[in-house]
Amino acid sequence: KPLLAKLNYMIFKEVEPKFSNEEIKKEFESYLLDENYLHPHSRRILDAAHKYATFWEFKIVKNANPDGFKIDKIALDLGNEIESFNDLHGIKRISKQNNIKNFIDLCGELRYQIRWGHLPRIPRTSVLGHVMLVATISYFLTKELKEPCTKRVYNNFFGALFHDLPEVVTRDIIKPVKRSVPGMQEEIRKIEMKLAEEEIYPLIEKEWIPEIKFFTQDEFTSKILDGKIVLADDISLKYNKNEFNPYDGALLKAADDFGAFLEAFSSIEFGIRSNELELAKTSIKSKYENVTISGIEVSKLFTEF
C-alpha cells in the first residue's frame, strides 16, 4: 500500500498542471490519495467491475490461445477473485449466466467495432473507446457549468457513455455514407430503434429501459423529464434541478464532435492522412468557431489544435 500511494502521488503530480477546473482536480486528487474518499461499498463495486472486466478480456485471450503459459492458473485465480465478490447482488446475477451477462457481452462487442469504417487511421479507435472518451469530455464540460445539479452531471456522463449503444446492432456507419442519400439517416435511426427493441431492451431490467431509451434516442437533443425537448440555454436558466431530469444534448454533441476531431487530428499527426480525415478535422473545427453552449465557450476546446 505505501508503494501504491507513492505511485498515485507521482501520477497526480504529473497531471496536476493540466487541470484548469479546481473542482475536478480536487476530485482526482482525492480519488487517488484519500482512501476514505469513496464509500467502502462503492469501492467494492468498482473493484468487482474491474475484476469482471479483466476476466471478460482474459476469456478472449484464452479462446485465442487455450494452451498458453499459465492459462489455467490465471483462469482459476481470476475465478476465485470474482467469487470473493459474490456478496454483491450484481456479481451473483452475472454469475448465473442470465440476461444481464448477455447485455454486458453485447456492450463488449463495441470493442471490436472500429471507428471511421475502413479508413486507414492511427491509432485505431473502437466504438467502446470512443464512448468512454466522449463521456469523459462531457463530464468535464458539464463541470464547467454554473452549479450543475447532480442529475444533470449524471445524465450528461451516462448519456455520453451509452449514446452509441444502438451501433452494437447496426455497426458503425460513417457520416458521409449516412448523408450520401437524402433520408438515409432517418431510415438508419428507424432500423436502430427496431433492432434495439428486439435485441437490446429484452436483456436489461424492465425498470432500466426508460432510462436507456432516454440516453440512446434523440441523444444529441437537449431535453428534460421523460424526453421533452427544450432549448439548450433554457436548461441552465429554467431546468437546472434534479426534479427536471435535465440532459444537455447539445453539449454532448459538442463532446462527440470533439472526440471525432481528436481522432482525425491524431491520425494526421501520426502521418496517416486522407481527404476524409482532413475534411473532418477542418469542418468540425470551423463548425464550433465562436460557438457557446449553455455559457460554455466550446470553441476554446479547439484552440490548441
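Notes on the structure in this doc start here. Worth saying up front: this structure is predicted, and the values here are computed from it rather than measured. (Residues numbered from 1 in each chain as written. Predicted model: local features only at pLDDT ≥ 70, side-chain atom pairs only at ≥ 80, totals over all residues. Heavy atoms only, no water.)

### A word on the overall build of the protein chain
Piece 1. For the protein chain, the count of helices and strands is 15 helices and four strands.
Piece 2. The globule rule puts the C-alpha radius of gyration for 305 residues at 19 Å, and the 21 Å found for the protein chain is close to it.
Piece 3. Taking the principal axes of the C-alpha coordinates as reference, the protein chain spans close to 55 × 45 × 45 Å.
Piece 4. A fraction of 64% describes how many contacts in the protein chain between residues 6 or more apart in sequence connect residues 24 or more apart.
Piece 5. Carbon and sulfur atoms make up 57% of the accessible area of the protein chain, which totals about 18200 Å². (Helix = DSSP H or I, 4+ residues; strand = E, 2+ residues; numbered from the N terminus. Rg over C-alpha atoms; globule rule 2.2 N^0.38 Å. Contact = heavy atoms within 4.5 Å. Areas by Shrake-Rupley, 256 points an atom, 1.4 Å probe, with all protein chains shown as cover.)

### Details of the packing of aromatic side chains
Piece 1. In total, this model carries 19 aromatic pairs according to the counting rule given.
Piece 2. Seen from their ring centres, Tyr239 and Phe244 are 5.1 Å apart, and the 75° between their planes marks the pair as edge-to-face.
Piece 3. For Tyr239, a relative accessible area of 16% corresponds to the buried category.
Piece 4. The partly exposed category is assigned to Phe244, whose relative accessible area is 21%.
Piece 5. Judged by centre distance (6.0 Å) and plane angle (65°), the rings of Phe258 and Phe305 are edge-to-face. Taken together, the residues span a long stretch of sequence, with Phe258 in helix α14 (residues 249-269) and Phe305 in the segment after β4 (296-297) at a distance of 47 residues.
Piece 6. What makes Phe258 buried here is its relative accessible area of 8%.
Piece 7. Under the relative-accessibility criterion, Phe305 is labelled partly exposed at 33%.
Piece 8. An aromatic cluster is present here, built from Tyr139, Phe140, Tyr154, Phe157, Phe158, Phe162, Phe214, Phe215 and Tyr247 joined pairwise through their rings.
Piece 9. Looking at Lys253, its charged tip hangs above the ring of Phe220, at a distance of 4.7 Å from the centre. (Phe/Tyr/Trp six-rings, centres within 6.5 Å; stacked < 30°, edge-to-face > 60°. Buried < 20%, exposed > 50% of the residue type's maximum accessible area, 1.4 Å probe, protein only. Lys NZ or Arg CZ within 6 Å of the ring centre and 35° of its normal.)

### As for the packing of helix α7 (residues 127-143) against α14
Piece 1. The contact between α7 and α14 brings their axes to 8 Å, and the two run at 130°. Relative to α14, the element α7 lies oblique. Crossing of α7 against α14: the hand is right-handed. When α7 is examined against α14, the residues His130, Leu133, Val134, Ile137, Ser138, Leu141 and Thr142 are found in contact with a partner set consisting of Leu251, Leu252, Ala255, Asp256, Phe258, Gly259, Ala260 and Glu263.
Piece 2. Its residues assigned to classes, the contact of α7 with α14 shows nine nonpolar, four polar and two charged. (Axes fitted to C-alpha atoms, helices over the stretch in contact; angles between N-to-C directions. Parallel < 35°, antiparallel > 145°, perpendicular 65-115°, else oblique. Left-handed = near helix turned anticlockwise from the far one by under 90°. Nonpolar A, V, L, I, M, F, W, Y, C, P; charged D, E, K, R; others polar.)

### Here's the deal with the pattern of salt bridges
Piece 1. A complete count under the given rule lists 19 salt bridges for this structure.
Piece 2. The partner of Glu16 in a salt bridge is Lys13, and the shortest N-O contact between them spans 2.8 Å.
Piece 3. By relative accessible area, which is 22% here, Glu16 ends up partly exposed.
Piece 4. The salt bridge involving Asp77 is made with Lys73; its shortest N-O contact spans 2.8 Å. Taken together, the residues Asp77 and Lys73, both in helix α4 (residues 71-83) and four residues apart, mark about one turn of the helix.
Piece 5. What makes Lys73 partly exposed here is its relative accessible area of 48%.
Piece 6. Sharing partners across several salt bridges, the network here consists of Glu23, Glu27 and Lys143. (Salt bridge = Lys/Arg side-chain N within 4 Å of Asp/Glu carboxyl O.)

### Observations concerning unusual backbone geometry
Piece 1. Ile122 connects to Pro123 through a cis peptide bond whose omega is -5°.
Piece 2. Positionally, Pro123 belongs in the loop between α6 (99-108) and α7.
Piece 3. Its identity as a non-glycine residue notwithstanding, Asn290 has a phi of 60°, on the positive side.
Piece 4. By secondary structure assignment, the location of Asn290 is in the loop between α15 (275-287) and β3 (292-293).

### Here we look at the packing of α14 against α15
Piece 1. Viewed as axis vectors pointing N to C, α14 and α15 meet at an angle of 140°, and their least axial separation amounts to 9 Å. With respect to their mutual orientation, α14 and α15 come out oblique. Handedness of the α14/α15 crossing: left-handed. Note on element contacts: α15 touches α14 through Leu277, Glu278, Ala280, Lys281, Ile284, Lys285 and Lys287, opposite Lys253, Asp257, Ala260, Phe261, Ala264, Phe265, Ser267 and Ile268.
Piece 2. A class-by-class count of the residues in the contact of α14 with α15 yields eight nonpolar, one polar and six charged.

### What to know about α7
Piece 1. Helix length check: α7 (17 residues) gives 24 Å between terminal C-alpha atoms against 24 Å at 1.5 Å per residue, within 8%.
Piece 2. Turning to α7, its buried residues number three or more, namely Val127, His130, Val131, Val134, Ala135, Ile137, Ser138, Tyr139, Leu141, Thr142 and Lys143.
Piece 3. Tucked into the core, α7 has its buried residues touching α2 (22-33), α8 (150-162), α9 (167-170), α14 and β4. (Expected span 1.5 Å × (residues − 1).)

### Thoughts on the nonpolar core
Piece 1. Among the nonpolar cores identified, the biggest contains 52 residues, and Phe103, Leu165 and Ile200 are the most heavily contacted of them.
Piece 2. Where this core is concerned, the elements lending two or more residues are α6, α7, α8, α9, α11 (184-200), α12 (209-216), α14 and α15.
Piece 3. Take this core: its biggest share by element is 11 residues, from α14.
Piece 4. Ala48, Tyr52, Leu88 and Ile94 belong to the second largest nonpolar core, which has nine residues in total. (Core = buried A, V, L, I, M, F, W, Y, C linked by side-chain atoms within 4.5 Å.)

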